[in-house]
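Examining the three-dimensional arrangement
Chain by chain, the residues:
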Amino acid sequence: MTENGNLLHPIAAADLAPTLTGIAFWTVLLAAYVALFAATLVSVCRAPLDAQARTRWVWFVVLAPGLGIAFWFAKRP
């Protein structure tokens with residue numbers, strides 16, 4: 001697929017910017033989620049709860065992270 005040693009369809013370098021932007025966006029989003037998850041676990045562990053309630057909350061946050069995080073910050077003591 002070359003003509004006199006030149007490529008017929010050169011690869012466009014313009015496609016690199018959206019790719020890097022997408023990678024940066026998802027990396028920041030993932031870092032924010034991990035930070036929120038960790039903050040929730042720390043908050044649950046520091047809350048004035050008995051051991052059984054704390055264990056239930058930790059399991060809820062770990063097994064259903066989206067709901068667990070939302071419910072914890074909506075209902076925390």
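Everything numeric in this text was worked out from a predicted model, so none of it was measured.

In a packed pair of helices, the relevant descriptors are the angle between the two axes and the axis-to-axis distance. Viewed as axis vectors pointing N to C, helix H1 (residues 16-46) and helix H2 (residues 51-63) meet at an angle of 170°, and their least axial separation amounts to 9 Å. By the criterion of interaxial angle, the relationship of H1 to H2 is roughly antiparallel. The segment H1 lies against H2, with Phe37, Thr40, Leu41, Val44 and Cys45 engaging Arg54, Trp57, Val58, Val61 and Val62. Broken down by class, the residue content of the contact of H1 with H2 amounts to eight nonpolar, one polar and one charged.

This next bit is on the confidence of the model for the chain. The predicted model of the chain averages 86 in pLDDT, with 81% of residues at 70 or higher. Per-residue pLDDT, averaged within each element of the chain, yields its smallest value for strand E1 (residues 2-3) (54) and its largest for H2 (95).

So, about the packing of aromatic side chains. Scanning the model with the defined rule gives five aromatic pairs in all. Residues phenylalanine 25 and tryptophan 26 carry aromatic rings whose centres are separated by 5.1 Å and whose planes lie at 75° to one another, so their mutual orientation is edge-to-face. On the accessibility criterion, tryptophan 26 (58% relative accessible area) is exposed. Through successive ring pairs, a cluster of aromatic residues spans Trp57, Phe60, Phe71 and Trp72.

Here is what the cut-offs are and how they apply
- Residues numbered from 1 in each chain as written.
- Predicted model: local features only at pLDDT ≥ 70, side-chain atom pairs only at ≥ 80, totals over all residues.
- Heavy atoms only, no water.
- Axes fitted to C-alpha atoms, helices over the stretch in contact; angles between N-to-C directions.
- Helix = DSSP H or I, 4+ residues; strand = E, 2+ residues; numbered from the N terminus.
- Parallel < 35°, antiparallel > 145°, perpendicular 65-115°, else oblique.
- Contact = heavy atoms within 4.5 Å.
- Nonpolar A, V, L, I, M, F, W, Y, C, P; charged D, E, K, R; others polar.
- pLDDT = per-residue confidence, 0-100.
- Phe/Tyr/Trp six-rings, centres within 6.5 Å; stacked < 30°, edge-to-face > 60°.
- Buried < 20%, exposed > 50% of the residue type's maximum accessible area, 1.4 Å probe, protein only.

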